[in-house]
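Coordinate analysis (summary)
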Amino acid sequence: TLLICPPSSESSGFVSCEKMLSFSDKQITASGITLFIRPRGDATSTIDWDDLSLQFVTGSVEELLVDPTLHDCWGDLISEGAEILVTSHTLDFTDSQVASASGMTADGNIFLTSSITNPTSGPDDFTVEVALLSRRITVEASSDSSIGGHFIVMHTPDVNQTIRGVQIKGFGQQGTLGRYPIHFHMCGNVYGSVVSKNVIRDSHQRCLVVHGTDALLIEDNVAYNNFGHCFVLEDGGEVDNVFRNNLGALSKKVS
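Remember, it's a predicted structure, so these values are computed and weren't measured experimentally. (Residues numbered from 1 in each chain as written. Predicted model: local features only at pLDDT ≥ 70, side-chain atom pairs only at ≥ 80, totals over all residues. Heavy atoms only, no water.)

Of regular secondary structure, the protein chain possesses two helices and 18 strands. Here the protein chain, with 255 residues, has 36% of them falling under the buried criterion. For the protein chain, contacts bridging at least 24 residues in sequence account for 69% of all contacts bridging at least 6. Accessible surface computed for the protein chain: about 15,600 Å², of which carbon and sulfur atoms make up 51%. (Helix = DSSP H or I, 4+ residues; strand = E, 2+ residues; numbered from the N terminus. Buried < 20%, exposed > 50% of the residue type's maximum accessible area, 1.4 Å probe, protein only. Contact = heavy atoms within 4.5 Å. Areas by Shrake-Rupley, 256 points an atom, 1.4 Å probe, with all protein chains shown as cover.)

Pasting the structure below:
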């Protein structure tokens, strides 16, 4: 049952009732949909069907509107077919969506080449985050197994390190201690070091791990579809590290 209207009578006249319906991608692409309407508990009453109307409001999303200030940073990559992440709008973290984009206007309108499900369909839903998954520099593991590459900065106190604007894909070695996509290991004080605007994707083990390292800035990074805890202080004795404006989505439990 999609909708039950209040009862009407000769004295009350017509009644008004309406409901917003959300259709799945399969329903939207169907050749036809049949809607059954009948009086509740009464098969003989006459109903004036002329007052029945159906209006298509929205369907799959093929455009996104984001902050126009992102155009200078995102525009060129999107015009080359970048991928866009839309985080889950429900209590189910697996409802995040990824779509390819073909262009972006100066006022922040992103055109998608593959549609996504409308992410605002009910009162219990959440506002989504939209992130750019593509980068001009990609470091990708060659194997499809759970043993990927790893990137470690170790024993470099008082040395400024900058890791910025890189996509790290398929890294992490599941089950092997210390083998993560980005790992600062026993570096001591690294004040001035920055890890920012990177994408960590499809990691087999964690995302960014800070171990025995202090005063590191981790900012504006995106992590998607990874196994294990994502942004980690390993021992808890690390101090003065700053995690700011980072996004993690579809972080999965290691089986």
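What follows concerns the sheet that holds strand S13 (residues 208–214). Pairing is parallel across the open sheet formed by four strands, whose spatial order is S7-S10-S13-S16. Each edge of the open sheet carries a strand with a single partner, namely strand S7 (152–154) and strand S16 (231–233). Shown here is a sheet whose adjacent strand axes are inclined to one another by a mean of 15°, direction ignored. As paired elements, S13 and S16 share three bridges and run parallel to each other. (Pairing = 2+ DSSP bridges. Axes fitted to C-alpha atoms, helices over the stretch in contact; angles between N-to-C directions.)

In sheet architecture, strand pairing relies on hydrogen bonds along the backbone and comes in two forms, parallel and antiparallel. The sheet built from five strands is open, its strands ordered S1-S4-S3-S2-S5 with antiparallel pairing. If you trace the sheet from one side to the other, it starts and ends with strand S1 (61–65) and strand S5 (130–132), each paired once. Averaged over neighbouring strand pairs, the angle between their axes works out to 35° when direction is ignored. Both strand S2 (residues 83–86) and strand S3 (residues 97–104) contribute to a ladder of four bridges, which runs antiparallel. Within S3, the position partnered with Leu85 by the bridge is Val98. With respect to the sheet, helix H2 (residues 71–79) is in contact with S2, S3, strand S4 (109–116) and S5, its orientation differing from that of S3 by roughly 95°.

A positive phi angle, close to 65°, is found at Arg206, a residue other than glycine. On the secondary structure map, Arg206 appears in the loop between strand S12 (199–201) and S13. A positive phi angle, near 60°, is found at Asn225, a position not held by glycine. For Asn225, the position within the fold is in strand S15 (residues 222–227). A relative accessible area of 18% places Asn225 in the buried class.

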